[in-house]
Amino acid sequence: MGKAKGLKDKLYGAAVLKMSFRLRGDEESPAFRFVYPGVLRDLEVDDAEVEKYIEQHRDDVERAARGSTPPQGPR
């Protein structure tokens, strides 16, 4: 069995997903509206937490959403 994800890892994953749709202007798309709530439920985080994480780590989240890997270290 894999290692349990910490809250920061969960928020990072949800934030990158949301940002990838946001950068394309697709937050109102059926795909986002179907997938994103399920991701939040599965990761046990809420949208307000994800938005706060995006505000605090915008550069890393945008870089990852565009397909670039952020530098390793604490998120």
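This write-up is about the structure you can find in this document. Treat the numbers as computed from the prediction; the structure is a model and nothing was measured.

Quick word on the overall build of the protein
Thought 1: The number of helices and strands found in the protein is four helices and zero strands.
Thought 2: Sequence-ordered secondary structure for the protein, helices as α and strands as β, is α-α-α-α.
Thought 3: Here the protein holds 75 residues, and 31% of them are scored as buried.
Thought 4: A separation of at least 24 residues holds for 61% of the contacts in the protein among residues at least 6 apart in sequence.

Section: helix α3 (residues 47-56)
Thought 1: All of the buried residues along α3 are Val-50, Tyr-53 and Ile-54. In an axial view of α3, the angular spread of the buried residues amounts to 100°, which keeps them on one side of the axis. Those residues of α3 that are exposed and angled more than 90 degrees off the buried face are Ala-48, Lys-52, Glu-55 and Gln-56.
Thought 2: Buried residues belonging to α3 abut α1 (7-23), α2 (30-43) and α4 (58-65).
Thought 3: Its side-chain oxygen at 3.1 Å from the backbone nitrogen of Ala-48, Asp-46 defines the N-terminal cap of α3.

With respect to α2
Thought 1: Helix length check: α2, at 14 residues, gives a terminal C-alpha distance of 20 Å against a target of 20 Å (1.5 Å per residue), a fit within 8%.
Thought 2: What α2 keeps buried is the set Phe-32, Tyr-36, Gly-38, Leu-40 and Leu-43.
Thought 3: Tucked inside the fold, the buried residues of α2 contact α1 and α3.
Thought 4: Directly beyond the C-terminal end of α2, a positive phi value near 60° is found at Glu-44.

Some remarks on unusual backbone geometry
Thought 1: Even without being glycine, Glu-44 reaches a positive phi, approximately 60°.
Thought 2: The exposure class of Glu-44 is exposed, given its relative accessible area of 66%.

Cut-offs applied
Position labels on residues start from 1 in each chain and follow its written sequence. In keeping with the model being predicted, local features are shown solely for residues with a pLDDT of at least 70 and side-chain atom pairs are shown and tallied solely at 80 or more, while totals for entire chains, interfaces and linings include all residues. Hydrogens and water molecules were not included; the side-chain quantities draw on all heavy atoms of the structure. A run of DSSP states H or I qualifies as a helix once it reaches four residues; a run of E qualifies as a strand once it reaches two. Both are numbered from the N-terminal end. For each residue, the accessible area found with a 1.4 Å probe, counting protein chains only, is set against the maximum for its type, and the residue is called buried under 20%, exposed over 50%, and partly exposed in between. Residue contacts are counted whenever heavy atoms from the two residues lie within 4.5 Å of one another. The arc in question is traced by the directions running from the helix axis to the C-beta atoms. Whenever a nitrogen or oxygen atom comes within 3.5 Å of another N or O atom, the pair is scored as a polar contact, on the condition that within protein one atom can donate a hydrogen and the other can accept it, and that pairs from neighbouring residues in sequence are kept only if both atoms are in side chains. A helix is expected to span 1.5 Å for every residue after the first.

Everything listed here is a matter of geometry and, on its own, says nothing about what the molecule does.
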